[in-house]
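Observations on the model geometry
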Amino acid sequence: MTFEAVTLDMATLDFPTAADIGTLSGAPLRSWVDTGIDTVAASVGKPAERVRSRLTETTGAKDLTAADEEDLRECLRVLRAWANNPASYIPPARKPKVERPEGIGQLPVPRVIKQAHTDTVCGLCADPVKTGDLTGRMRDPKHKLFTPMGWLCARCLYERRENPRRRDVVLRIFHHLFASSAVGLNAYECGILHAWLTETEAPSASTAWRDDPLDTTLVRLETAVTEGKGATWIAFPTAHTVIAALTAAPGGSAAERELLHAVAQHLDEWHTNPRGVDVRRYGTGPRCRAQVLKATDRPTVLSERGGPFDLHHTPPPTTEQESGTDASVADDA
Ligand SMILES: [Zn+2]
């Protein structure tokens with residue numbers, strides 16, 4: 001009896017906290033997973049191999065030696081939950097059947113879904129994911145240019161293109177610009193952006209809009225909505241103007257404002273390179289932007305996550321494009 005109590009306390013004391021797990025990487029992360037497997041094996045009285053295979057089954061990480069750091073961190077969260085409560089060391093629950101949207105709002109089937117073992121935050125939108133909520137990961141991007149996303153909330157896994165929030169549209173703009181791509185929006189996203197740009201006079205009164213009027217863009221967004229288009233492409237400079245005009249306008253939720261300011265900050269840093277990232281080494285494209293983002297002395301939800309992320313589009317980008325833009329890098333469909 002006392003043995004169990006001691007094991008429980010030891011596990012709690014010895015294990016990295018949920019916050020620590022978020023910052024672990026490299027060899028210490030891998031070594032903690034091994035330690036965690038041994039700790040749980042001792043506490044549930046099963047061979048380490050059995051714990052290891054239940055762990056891979058639970059997290060969808062087929063092979064721990066090949067698993068990326070996001071999967072290893074999730075392994076550690078699961079091990080932490082098991083170590084703290086050996087009664088929770090049970091086979092994984094059956095995967096819930098999730099109804100995916102159809103048509104232009106559809107996202108690819110995730111690579112893995114599970115219930116969250118601890119409270120965490122979404123690897124894309126940064127919203128909280130509570131213990132027991134659905135979480136999961138998309139398949140690795142086909143194009144090498146993109147960075148795999150971490151564990152996402154259910155909204156980001158299924159709903160963000162069918163029923164987008166303003167923040168989903170801003171994230172989309174950010175990651176397309178990051179990847180040197182024009183910004184591809186479906187009709188739902190065009191509708192959200194159009195409403196945001198026109199609901200008050202403030203965006204059109206901004207300096208950014210006066211210098212680069214968005215009236216033609218508004219017409220294209222409206223047409224996209226009327227015709228239910230799968231993809232409408234907003235050119236790189238126009239997307240910059242959109243962000244500047246929205247950032248200059250007051251209003252919106254705190255989360256929307258924080259995200260807009262973060263995007264504006266990073267667009268500016270990509271332009272000015274304030275930390276002097278060696279552009280001869282990284283070029284001027286996404287690799288260089290990733291370094292500038294990482295080196296920022298004002299970290300944001302975006303710099304903490306990195307990128308660029310492939311946020312997917314339907315159909316593939318063979319439709320209308322503004323001249324001088326290149327959407328081909330985002331072709332993942
Ligand atoms: Zn999310």
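Structural data are supplied above this passage.
A few points on the structure. Throughout this description, residue numbers start from 1 for each chain and increase along the sequence as written. Whole-chain, interface and lining totals are the exception, using all residues; otherwise, since this is a predicted model, local features are given only for residues with pLDDT of at least 70 and side-chain atom pairs are given and counted only at 80 or more. The side-chain quantities take in all heavy atoms of the structure and omit both hydrogens and water.

Let us look at unusual backbone geometry. Geometrically, the link from Gly307 to Pro308 is a cis peptide bond, its omega value of 0 degrees lying close to zero. On the secondary structure map, Pro308 appears in the segment after helix 16 (301-305). Even without being a glycine, Ser180 presents a positive backbone phi close to 60 degrees. Tracing the backbone shows Ser180 in the loop between helix 7 (166-178) and strand 6 (183-185). Each residue gets one of three labels from its accessible area relative to the maximum for its type: buried under 20%, exposed over 50%, partly exposed in between, using a 1.4 Å probe on protein chains only. The class of Ser180 is partly exposed, set by a relative accessible area of 30%. Phi at Asn273 takes a positive value of approximately 50 degrees, unusual for a residue other than glycine. Looking at where Asn273 falls in the secondary structure, it is placed in the loop between helix 13 (254-272) and helix 14 (279-282). Put simply, DSSP marks the helices as runs of H or I at least four residues long and the strands as runs of E at least two long, and each gets a number from the N terminus on.

In short, DSSP must find at least two bridges between two strands for them to pair. The strand order across the open sheet built from three strands is 1-4-5, with neighbouring strands paired in antiparallel fashion. For this open sheet the edge positions go to strand 1 (112-115) and strand 5 (152-153), each flanked by a neighbour on one side alone.

Attention now moves to the layout of surface pockets. By volume, the largest pocket is sized at about 910 Å³. Using protein atoms alone on a 1 Å grid, points that fit a 1.4 Å probe yet trap it form a cavity, whereas open point sets bounded by protein on both sides within 12 Å along at least five of seven lines form a pocket; residues with an atom within 4 Å of a point count as lining. As for the largest pocket, its lining consists of 30 residues, of which Gly22, Glu70, Arg73, Glu304 and Arg305 are closest to the centre. Looking at the lining of the largest pocket, the elements with two or more residues in it are helix 2 (18-23), helix 5 (69-84), strand 2 (120-121), helix 15 (286-295) and helix 16. Nonpolar residues are Ala, Val, Leu, Ile, Met, Phe, Trp, Tyr, Cys and Pro. Charged residues are Asp, Glu, Lys and Arg, and all others, Gly as well, are polar. Looking at the lining of the largest pocket residue by residue, the classes come out as 11 nonpolar, 11 polar and eight charged. Grid points are joined across faces, edges and corners, and a volume is the space filled by probe spheres set on the points.

Our focus in this paragraph is the packing of aromatic side chains. For Phe, Tyr and Trp, where Trp contributes only its six-membered ring, two rings pair if their centres lie within 6.5 Å, and the inter-plane angle classes them as stacked under 30 degrees, edge-to-face over 60, or tilted in between. By the definition in use, this model includes five aromatic pairs. An angle of 45 degrees between the planes, with centres 5.8 Å apart, marks the rings of Phe15 and Trp32 as tilted. Here Phe15 is found in the loop between helix 1 (2-14) and helix 2, whereas its partner Trp32 is found in helix 3 (residues 26-44), with 17 residues between them in sequence. Taking relative accessible area as the criterion, Phe15 reaches 4% and is therefore assigned buried. With a centroid separation of 5.0 Å and an interplanar angle of 45 degrees, the aromatic rings of Phe178 and Trp270 are classed as tilted. Placement of Phe178 in helix 7 and of Trp270 in helix 13 is noted, with a sequence separation of 92 residues between them.

This part is about the pairing of strand 4 (residues 134-137). Residues Leu134 and Gly136 point to one face of strand 4 and Thr135 and Arg137 to the other, with burial holding for every one of them. Sheet topology note: the strand 1/strand 4 ladder contains four bridges and is antiparallel. Bridged to Gln115 within strand 4 is Leu134. Of the pairings in the sheet, the one linking strand 4 to strand 5 comprises two bridges and is antiparallel in character. In the strand pairing of strand 5, Gly136 is matched with Leu152.

To continue, consider the coordination of the zinc ion. Distances from the zinc ion to its protein donors, Cys122 (SG), Cys125 (SG), Cys153 (SG) and Cys156 (SG), fall at 2.3 to 2.4 Å. The rule for donors is simple: N, O or S, within 2.8 Å of the metal, or within 3.2 Å if the metal is Na, K or Ca. Water isn't counted, so a site may look like it is missing partners. Geometry is assigned from donor-metal-donor angles: four donors are tetrahedral when every angle falls between 85 and 135 degrees, four are square planar and six octahedral when opposite donors sit over 155 degrees apart with all other angles between 65 and 115, and any other arrangement is irregular. Each of the four donor atoms bound to the zinc ion contributes to angles spanning 107 to 112 degrees, and the resulting shape is tetrahedral. Owing to a relative accessible area of 0%, Cys122 belongs among the buried residues under this scheme.

What follows covers the side chain of Ser303. As for its position among the elements, Ser303 is in helix 16. A relative accessible area of 15% places Ser303 in the buried class. Polar contacts, as counted here, are pairs of nitrogen or oxygen atoms within 3.5 Å of one another; within protein the pair requires one atom able to donate a hydrogen and one able to accept it, and residues that are adjacent in sequence qualify only if both atoms are side-chain atoms. Reaching out from Ser303, the side chain makes a polar contact with the backbone nitrogen of Thr300 at a distance of 2.8 Å. A contact between two residues is defined here by any heavy atoms of the two lying within 4.5 Å. Beyond its immediate sequence surroundings of up to four residues, Ser303 is in contact with His266, Leu293 and Thr296.

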